[in-house]
Amino acid sequence: MTTAISLSDVTVSFNGTTALDRFDLDVPSGALTAVVGPSGCGKTTALRAIAGFQTITTGTITLNGQLVATETTNTPPERRGVGMVFQEFALFPHISVAENVGYGVRGADRVDRVRRTLRLVGLEGYEDRFPHELSGGEQQRVALARALAPGPDVVLLDEPFSNLDAPQRERMRRELRRIIHSVGVTAVLVTHDQAEALAVGDRIAVMSEGRVVQSGTPVEVYARPVSPWVARFLGEAMILDGVAEGGAIDTGIGVVPTSLADGASAKVMVRPEWVRPTVVDHGVGKIVDREFYGHDQRVAIRLDDGTSIDALLPGSIDVALGERVDVEIDDAIVYFTNDTAGAR
Amino acid sequence: MTEPGSIVEIEIPAGVPAAPPGSTEQRRSHGPWYLWVISLLIVCVIAVPVTSLALRLLDATDAAWQSLLSWQTVRLMVRTLVFTALVTASATAVGVSGAWLLARTDLRFRRAWGVAFALPLVIPSYVIALVLISASGPRGLVADITGVDLPHLVGFPGAWLALTLSTYPYVFLITAAALQRVDPALEEAARGLGASPARVFRTVVLPQLRPAMGAGALLAALYTLSDFGAVSLMRFDVFTRVIYAQYSGRIDRSPAIVLSIVLVAAALIVIWAEQRTRGDGTLFSRKPARPPSVYRLTPWQRAAGTTFLAATVAAGLVLPVAVLSAWLLRGLTSGIDVTIPFDAIAGSLTGASLAAIVAVAASVPIVVLAVRYPTGASNALERAVYVMFSLPHITVAIAVVAFTVRYARPVYQSLLVLVLVYAAMFLAQATGPAKASLLQIDPALDDASRGLGRSHLATMARITVPLMSKGLLAGGLLVFVTALKELPATLLLRPSGFTTLAVRIWSSADELLYTQAAASALVLIAVSVVPVYYLSIKPKDVVGV
């Protein structure tokens, strides 16, 4: 896979704050990359820097091998060939749908292109409507069509689903993936919603405080988060303290093998679906709460030593409050820092 | 999930620096160079009167400097500022009361009242002053008709009344528009928490109105500071009248120049005071989901409200029109030959419409820079426009005459200079609504256009300016109406053979040709009615949605 967008060591600071702090990101071409992070982490700034609306303080940005931004130079947005879908859609209110979609298209095949793009997003026959006559989902499609119509190499989407209600959001997510992949365009989407990022992205880049802390496929970042923070941000995670002892760490709910030297302290991260309780007569704890969702259920277990843990079980297993259980863990991640690990 | 036993171990690098959370605010940039080039040209035009004054200040005599520090000047300064404050306070009280009555109560015929209440805007303050003088007093028109002897309205009370009637419509128009966008949910929330209607008004409505009231009060205060006609007719000594006396009566004109500079300082004080009370006026106000709720008046309140509106409209609109009509009729019945002043109509329309076009064109780069690229420089640019608006027209005219005679002889007393001076003096009236309309436009629209391959200039032409069109129209109409009434600068700067309705009124009144003055004044009012009617029914366009 070739790299379509590359941000290298990019810093953006203004008014005394640093929005991007030595930010590195490589976006593979033809895929949908979701940049996810809590609000205020700089993800919109990153998007605006790629589009050219935000000048950068240091670093470089490359689009399809062309250097578009450095410390001193900044290719203006109109010459970057980047399509952008804005959070509130930013449709021009005074011109029709067809004129909005055709706004960035030049040349003889303009009318034809507008028609084809509208068909692609499922809005045939909407040419003469005005933005205020459309529903939120339709406005979203027009915004996407407008960004795609000039045939950009890259499409950027800023929180594209935040203005839609829940059912529309799910439908648009699937539509977006279909459209992006059928056009073959490189897409970058930013969102603060980790479930949305995992669902929609071919690749995920997790941001915190102005930098990318991890990137990879959804499975990689979810199952192998690089830090407890990433683990918690992307899903539910229990972080248990432990000390290495004879090549293993006893977490209280299971023993995790480790290469750390004896006496090194570590944090062990376990996701609820990695916890497997079995109902037994005595056991190490008991079930104190249960939330049943249908397809699955969350079971809260209080261990006899006072620790509380959650387990996510298939909906088909029936458990009752007060039942005693033994607990095993299928998977875990051990985090350590250099100062506490001792010799490896 | 990986197989059990293949546990992943990850080292967290020590000492990861924590960056402060970033904001999504755009880094300050200065904006495209051509906007600055145009803006600097505008500043050069604006700077002519100011530098001309400053240059003359350099060769001011010692006597002039001594007069600056005299008790007389201090007294004049205090009197001018107190007078301005009083007029501003009364104009704000009248304007805000009228706006609230007409925007938020169930008073009847609110639309018609709204138009009538805004219409005094079309009557020049010197015409109101003239009418008040002739109507009041033991032998005035009111005494003639009713037999009741009124005291003579001259000096301070007369000037106060005339200028309050001339300036409250500015406060009214701006506040009425702001009242329409007050979110009813906030008021309902306050009522639900047990607040009385009075407390809701004080704690919820008034704070939301503050920016609009401040803007309206600023216009009223600057108008009052620079008014010359009304205070002169009322023989009330404030800066403008004294400057004129110093200028026309003396060989050494530098005292007049020195006093003009003090007047500029007074204007800066007013602008500073408005900024201090306003806080951040550039809030992106969202359109509320519902129209504001209507307050039901008790019969007593209804009667009081109607009386208030009727009294204001009677004094500001009915009385002037009635007196002018009476003069005209008296003249016609006594066989005086009244001609329709075609040349003056043509002159007024030409000058005022060209001024409006130039001012609107100039307002676009200024507000785009001020709103989209807020830097110290672009704010200073916007302030310069207000300073220009606050200069007394007589001072500007004197300065421009001096400048053109010395440095630009070919354009001395040309239509070009007159139009440029109009546009420069009234630019603030165009930038106000233009700024309000631009603040309503989501900056993402500009970004969307840029991202679709259009240059900044093309984006302005196809997106920004079309979306600002209502604000630009409102600003253009305000400039048009104001330029139509302008007197002192027109008197001094008009080309020979060029005349306007305002000049015709002034010279006719001077020669006691009241019939001819009345005819011109009525035509002037009639011409202004259409734009002011439009502005009064579309107040949103003046100050945004």
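As a reminder, the structure under discussion sits directly above these lines.
Thresholds, definitions, all that
Residues numbered from 1 in each chain as written. Chains lettered and ligands numbered in written order. Predicted model: local features only at pLDDT ≥ 70, side-chain atom pairs only at ≥ 80, totals over all residues. Heavy atoms only, no water. Helix = DSSP H or I, 4+ residues; strand = E, 2+ residues; numbered from the N terminus. Buried < 20%, exposed > 50% of the residue type's maximum accessible area, 1.4 Å probe, protein only. Areas by Shrake-Rupley, 256 points an atom, 1.4 Å probe, with all protein chains shown as cover. Lys, Arg positive; Asp, Glu negative; His and termini not counted. Charge placed at Lys NZ, Arg CZ, Asp CG, Glu CD. Pairing = 2+ DSSP bridges. Phe/Tyr/Trp six-rings, centres within 6.5 Å; stacked < 30°, edge-to-face > 60°. Lys NZ or Arg CZ within 6 Å of the ring centre and 35° of its normal. Axes fitted to C-alpha atoms, helices over the stretch in contact; angles between N-to-C directions. Contact = heavy atoms within 4.5 Å. 1 Å grid on protein atoms, 1.4 Å probe; cavity = no way out; pocket = protein on both sides within 12 Å on 5 of 7 lines; lining within 4 Å. Points joined across faces, edges and corners; volume = space filled by probe spheres on them. Nonpolar A, V, L, I, M, F, W, Y, C, P; charged D, E, K, R; others polar. Polar contact = N/O pair within 3.5 Å; in protein donor to acceptor, adjacent residues only side chain to side chain. Patch = residues over 30% accessible without salt bridge, like charges linked within 9 Å, V, L, I, M, F, W, Y side chains within 5 Å. Salt bridge = Lys/Arg side-chain N within 4 Å of Asp/Glu carboxyl O. Core = buried A, V, L, I, M, F, W, Y, C linked by side-chain atoms within 4.5 Å. Parallel < 35°, antiparallel > 145°, perpendicular 65-115°, else oblique.

## Some details on the overall build of chain A
(1) Moving on: A count of helical and extended segments in chain A gives nine helices and 20 strands.
(2) Moving on: For the C-alpha atoms alone, the extent of chain A along its principal axes is close to 80 × 45 × 35 Å.
(3) Moving on: Evaluated residue by residue, chain A yields a buried proportion of 54% over its 344 residues.
(4) Moving on: Total accessible area on chain A stands at roughly 14,300 Å², and carbon and sulfur atoms take up 48% of it.
(5) Moving on: Where the 33 positive side-chain charges of chain A centre and where its 46 negative ones centre are 7 Å apart.

## Overview of the pairing of strand β16 (residues 285-292) of chain A
Residues and elements named next belong to chain A.
(1) Moving on: In terms of strand pairing, β16 meets strand β17 (residues 296-303) through seven bridges, oriented antiparallel. Across the sheet, residue Glu-291 finds its bridge partner in β17, namely Arg-298.
(2) Moving on: Hairpin connection, β16 to β17: the antiparallel pair is bridged by three residues, and Gly-294 has positive phi, about 105°.
(3) Moving on: Inspection of the sheet shows β16 paired to strand β19 (residues 324-329) by two bridges, in the antiparallel sense.

## Quick look at the packing of aromatic side chains
(1) Moving on: Counting across every chain of the model gives 15 aromatic pairs over all chains.
(2) Moving on: Aromatic side chains Phe-117 of chain B and Tyr-168 of chain B sit 4.8 Å apart centroid to centroid with 55° between the ring planes, which places their arrangement in the tilted category. In this pair, Phe-117 of chain B is assigned in helix α4 (residues 110-118) and Tyr-168 of chain B in helix α7 (residues 155-180), connecting sequence segments 51 residues apart. Comparing Phe-117 of chain B with Tyr-168 of chain B shows no difference in burial state: the two are buried.
(3) Moving on: On the basis of an interplanar angle of 75° and a centroid distance of 4.9 Å, the ring pair of Phe-117 of chain B and Phe-172 of chain B is categorised as edge-to-face. With Phe-117 of chain B in helix α4 and Phe-172 of chain B in helix α7, this residue pair connects regions lying 55 residues apart in the sequence.
(4) Moving on: The buried category is assigned to Phe-172 of chain B, whose relative accessible area is 4%.
(5) Moving on: Taken together, Phe-83, Phe-156, Trp-160 and Phe-236 of chain B form an aromatic cluster joined through their ring pairs.
(6) Moving on: The positively charged end of Arg-146 of chain A is found above the aromatic ring belonging to Phe-92 of chain A, 4.7 Å away from the centroid.
(7) Moving on: Sitting over the face of the ring of Tyr-103 of chain A, Arg-454 of chain B holds its NZ or CZ atom 5.0 Å from the ring centroid.

## So, the sheet that holds strand β9 (residues 203-208) of chain A
Residues and elements named next belong to chain A.
(1) Moving on: Taking strand neighbours across the sheet as the criterion, the six strands line up as β6-β7-β8-β3-β9-β10 in an open arrangement whose pairing is mixed. At either end of the open sheet lies a strand with only one pairing partner, and these are β6 (82-85) and β10 (211-216). Sheet twist, expressed as the average angle between the axes of neighbouring strands with direction ignored, equals 20°.
(2) Moving on: Of the strand pairs in this sheet, β6 and strand β7 (residues 154-158) are connected by four bridges, and their pairing is parallel. Residue pairing across strands places Val-82 opposite Val-154, the latter belonging to β7.
(3) Moving on: The sheet contacts of helix α4 (residues 136-148) involve β6 and β7, and relative to β6 the element is tilted by about 170°.

## Structural notes on empty space enclosed by the protein
Residues and elements named next belong to chain B.
(1) Moving on: Counting across every chain of the model gives six cavities of 30 Å³ or more.
(2) Moving on: Within this model, the largest cavity holds a volume of roughly 260 Å³.
(3) Moving on: The wall of the largest cavity is formed by 18 residues, among which Ser-125, Tyr-223, Asp-227, His-393 and Glu-486 lie closest to the centre.
(4) Moving on: Contributing elements (two or more residues each) for the lining of the largest cavity: α5 (125-135), α9 (197-226), α17 (415-439) and α20 (469-485).
(5) Moving on: The class makeup of the residues in the lining of the largest cavity is nine nonpolar, six polar and three charged.

## Observations concerning the side chain of Thr-258 of chain A
(1) Moving on: Mapped onto the fold, Thr-258 of chain A is located in the loop between β13 (255-257) and β14 (265-270).
(2) Moving on: Among the polar contacts listed, one links the side chain of Thr-258 of chain A to the backbone nitrogen of Leu-260 of chain A, at a separation of 3.0 Å.
(3) Moving on: Those residues in contact with Thr-258 of chain A, other than ones at most four positions away along the chain, are Ala-244, Gly-247, Ala-248 and Ile-249 of chain A together with Glu-9 of chain B.

## A short note on a nonpolar patch on the surface
Residue and element names in this part refer to chain B.
(1) Moving on: Together, Trp-71, Val-74, Val-78, Val-82, Leu-86 and Phe-156 line one region of the surface with nonpolar side chains, adding up to about 550 Å² of accessible area.
(2) Moving on: If you tally residues by element for the nonpolar patch, the top one is helix α3 (residues 71-104), at five residues.
(3) Moving on: Tracing the backbone shows Val-74 in helix α3.
(4) Moving on: Classification of Val-74 by relative accessible area gives partly exposed; the value is 36%.

## Digging into the environment of Ala-502 of chain B
Residues and elements named next belong to chain B.
(1) Moving on: As for its position among the elements, Ala-502 is in helix α22 (residues 501-510).
(2) Moving on: Judged by its relative accessible area of 0%, Ala-502 is buried.
(3) Moving on: Counting along the chain gives 11 residues from Ala-502 to Leu-491, while the straight-line C-alpha distance between them is 8.9 Å.
(4) Moving on: What Ala-502 contacts, discounting residues up to four positions off in sequence, is Tyr-126, Leu-484, Lys-485, Glu-486 and Leu-487.

## A few points about the nonpolar core
(1) Moving on: In terms of nonpolar packing, the biggest core is built from 198 residues, with Ile-5 and Leu-156 of chain A together with Phe-172 of chain B touching the most fellow members.
(2) Moving on: Membership of the second largest hydrophobic core comes to 41 residues, among which are Val-121, Ala-143, Leu-164 and Leu-234 of chain A.

## Observations regarding the pairing of strand β20 (residues 333-337) of chain A
Residue and element names in this part refer to chain A.
(1) Moving on: In terms of residue burial, β20 counts as a mostly covered element, since four of its five residues are buried.
(2) Moving on: Bridge count for β14 against β20 is three bridges, and the pairing is antiparallel. Residue pairing for β20: Lys-267 is matched across the bridge by Tyr-335.

## What to know about the sheet that holds strand β1 (residues 3-14) of chain A
Residue and element names in this part refer to chain A.
(1) Moving on: The strand order across the open sheet built from four strands is β2-β1-β4-β5, with neighbouring strands paired in antiparallel fashion. In this open sheet, the two strands that pair with only one neighbour each are β2 (17-28) and β5 (66-69). Direction aside, the axes of adjacent strands within the sheet are offset by 25° on average.

## What about the packing of α5 of chain B against helix α13 (residues 299-333) of chain B?
Each packed pair of helices is defined by two parameters, the angle between the axes and the distance between the axes.
Residues and elements named next belong to chain B.
(1) Moving on: Where α5 contacts α13, the two axes come as close as 10 Å, and the packing angle between them is 70°. Our classification of the angle between α5 and α13 gives roughly perpendicular. Touching Val-127, Ile-128, Leu-130, Val-131, Leu-132, Ser-134 and Ala-135 of α5 are Gly-316, Leu-319, Pro-320, Val-323, Leu-324 and Trp-327, all from α13.

## Here we look at the side chain of Thr-251 of chain A
Residue and element names in this part refer to chain A.
(1) Moving on: Its place among the elements puts Thr-251 in the loop between β12 (248-250) and β13.
(2) Moving on: Separated by 3.3 Å, the side chain of Thr-251 and the backbone nitrogen of Ile-253 make a polar contact.
(3) Moving on: Only 2.6 Å separates the side chain of Thr-251 from the backbone oxygen of Gly-254, close enough to count as a polar contact.
(4) Moving on: With residues up to four places along the chain from it excluded, the contact list for Thr-251 reads Leu-240, Val-256, Val-268 and Ile-329.

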